[in-house]
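# Structural characterization, general
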Amino acid sequence: MRTNKTAVILIVLLLIFAFASVFIVLYDINNKNKEDIILSLTKTNSQYIIDASNFELLSNTFNSTSFDEFISKNIKNYEIIRSNISKIQSDSVFYSRIMSSRSLLATYNDGDWILLIKTNSNIKPNIEGHKGHFGSYHYISSSKFERNFINTVNNSSITHVINSRANTSDLHIIEAIKSDEEIAWIGHDLYFNNQNIDILSFYSPAKKLNNDISKNNSTLIQAFAKNKKSYNYTFQNNNAVSVLKASYSSNLIVDNSIEIVNGAPAQEEEISENTNNNETFVSPLPETNPNIDPLALYSSNNKIISGPFYVNNHTNQQGNIIIQDSDNIVYFLTTTGTVKWRFNLDSKIIGDITEMDSYNNNKIQYLFNTTSRMYLLTILGDNVKGFPLKLPVHAQNQILLDFTNIDNFNLLYAGIDNNAYILKYNKGDLRLHTKIENIYPTEKMFDVVFTGKNKHFVINRNDNSHIFYTFTGSLYFTVDKSYSSGKNPSFFENKTNSKGSYVVNDNQGRLSYISRNKETEYTEFGKFDKENYFEYLDITGNGDSDFIFIDKNKISAYDKFKSLIFNSEIKFTSIDYVKFKTYKNIVKIIVYSEKDSKAMIFNYNRQTKKLSKDTYKATTRPDVTFSNSLIIETNHLYLK
């Protein structure tokens, strides 16, 4: 009996040990940072490791004519790898989900290879090779995944090369070569610039070479040597760095284009389980623009028609930039100009993009609408479940959302028929609740105002009457008929005095005090034209709301005692857009004239109490970050 118990215990221990061995391998790979993952892919017969920020970049590189000589001469079984890549691309839905996911391809001298894609989507069964997953990566490999297939090598040379890599490159290639019967490592950072390629390479250990490229034993360097434009090799302390500039062709050996398909691109993070891609359309990036401006943060082949929109991102401190081109493709950019994903819309974005935390879990989504649909996208470019919402009547303004939770909210927008529509959304069911007829057509057709805990919206009717409604569509009150608005009225709750419940600008730029069942009172701060804009916020940072008036001639700000805070001259034919952004010690004011294709960015410093301004040429409405202005000129995005 004791012998049997001992045998059972030994078997259990062996099973635990075997499980733990596998778990340790998977845990090691899953929990390593980018450098450690690459380190884990190296072993004594390592050949190349291609590390791409997205699968599309890896596949396009592997299939480009400029890389064909290098790949066909140096990578064994490249035909199988290329065939698998083509099969992945031919499945347009799957490809659209993983095309923006970080990907690594490791190849070995014995012909083994492994392709890793950071995604939670399973590899399709028609792909040739062994398939599996660990953590956030799925893989395809030539051999069964075993502990000795991915073997960590604690080698100071490869560690030095990995750590030397620049973080600004989206494509890295680690190369192992034999030098004097020992392995030497070369790390290449690749930069694509129009019809050129720059290869920044790190060598460890290195030979003391001069600038004779023929003496460089890197197979990647030699593959581009015949197209070199310049080459420099610097040796120091047994390490070296080289820079090769060469001509480059982005032509592909196989057709990597994809049709417009259902599905949204997955990213390096896991796809939210609350996504619904029924009306998501993905398309490839435009061809490289031959007129790229090296001073631009990003250049498009097409005219940029919407944005830039600077948005926050709960996964980083830098935020992101959203733009839309004339093909109605939306691009989600890093603040360094790298495209993270793109998303096809049915038409142009109307108004601004609103940041939301629809699940109340400190994760941001982006809300916006076109004429026919309302979208809510995650930071990965996926539709939140239930979106996009198809509108029963096309919209002509930015939609307002009266949000309770993701399953229950109201939508308010103005239709192209000049009627207002309140729609109720309840667990996937979108229905018309109320229609309000005869709205005066302006871009900002509604103002949302608060009175204590109550929230109302104001509509300007065709007869120039202004009516307060609840978000259920009930009439609250009609503004005194003596009030006459200009083209851009803005209603706010009055926090300064007891003259009225609300403050608003009129057609003369006067401050108007509005109350229910009470005549309008006025205060004049200065002379402003009928197109004046009004903002009511704390400019100085002292806790009191101030009064800012803007027209095509000037901008002026006053405190509650009517004392001038600042003023400055504006010389525009008209003003078509005004936006305020408030930071701790800085208030930024964007003033844009579509007719003049110009923008003025004002910065008010609360500490120095000084106003500065810059004027830019701009073909769309600009946006700002804390330290920079984002400006579009036709098909270029500039950070200024």
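Residues numbered from 1 in each chain as written. Predicted model: local features only at pLDDT ≥ 70, side-chain atom pairs only at ≥ 80, totals over all residues. Heavy atoms only, no water.

## Notes on the pairing of strand β31 (residues 502-505)
Neither face of β31 is left uncovered, since the one carrying Y502 and V504 and the one carrying V503 and N505 both have all their residues buried. Here strand β30 (residues 492-493) runs beside β31; their pairing, made up of two bridges, is antiparallel. Bridged to E493 within β31 is Y502. Both β31 and strand β32 (residues 511-515) contribute to a ladder of four bridges, which runs antiparallel. Bridge pairing in β32 places Y502 opposite I514. (Buried < 20%, exposed > 50% of the residue type's maximum accessible area, 1.4 Å probe, protein only. Helix = DSSP H or I, 4+ residues; strand = E, 2+ residues; numbered from the N terminus. Pairing = 2+ DSSP bridges.)

## A few points about the side chain of S545
Within the fold, S545 resides in the loop between β34 (533-537) and β35 (546-550). For S545, a relative accessible area of 17% puts it in the buried group. Once you skip the residues sitting within four places of it in the chain, S545 turns out to touch K495, T496, Y536, L537 and D538. (Contact = heavy atoms within 4.5 Å.)

## Some remarks on the pattern of salt bridges
Enumeration over the complete set of coordinates arrives at 19 salt bridges. With a shortest N-O distance of 3.0 Å, K455 and D402 are connected by a salt bridge. Taken together, the residues K455 in strand β27 (residues 454-460) and D402 in strand β22 (residues 400-405) connect sequence positions 53 residues apart. Two residues, E521 and K518, come together in a salt bridge whose shortest N-O distance is 4.0 Å. In this structure K518 comes out as partly exposed when scored by relative accessible area, which is 39%. (Salt bridge = Lys/Arg side-chain N within 4 Å of Asp/Glu carboxyl O.)

## Points about helix α5 (residues 78-90)
Between its first and last C-alpha, α5 extends 18 Å over 13 residues, near the 18 Å set by a 1.5 Å rise per residue. Listed as buried for α5 are Y78, I81, R82, N84, I85, I88 and Q89. Buried residues of α5, viewed axially, fall in a sector of 160 degrees; they line one side. Where α5 is buried, its residues meet α3 (55-62), α4 (65-74), α6 (92-98), β2 (103-108), β3 (113-118) and β5 (137-141). (Expected span 1.5 Å × (residues − 1). Arc of directions from axis to C-beta.)

## A closer look at the sheet that holds strand β43 (residues 629-633)
What the four strands build is an open sheet, ordered β13-β44-β43-β42; its pairing is antiparallel. The open sheet has two edge strands, β13 (298-299) and β42 (623-624), and neither has a second partner.

## Looking at unusual backbone geometry
Backbone torsion omega between G307 and P308 reads 10 degrees, so that peptide bond is classified as cis. Among the structural elements, P308 can be located in strand β14 (residues 304-311). Put simply, F387 and P388 share a cis peptide bond, and its omega is 0 degrees. Secondary-structure assignment places P388 in the loop between β20 (373-378) and β21 (389-390).

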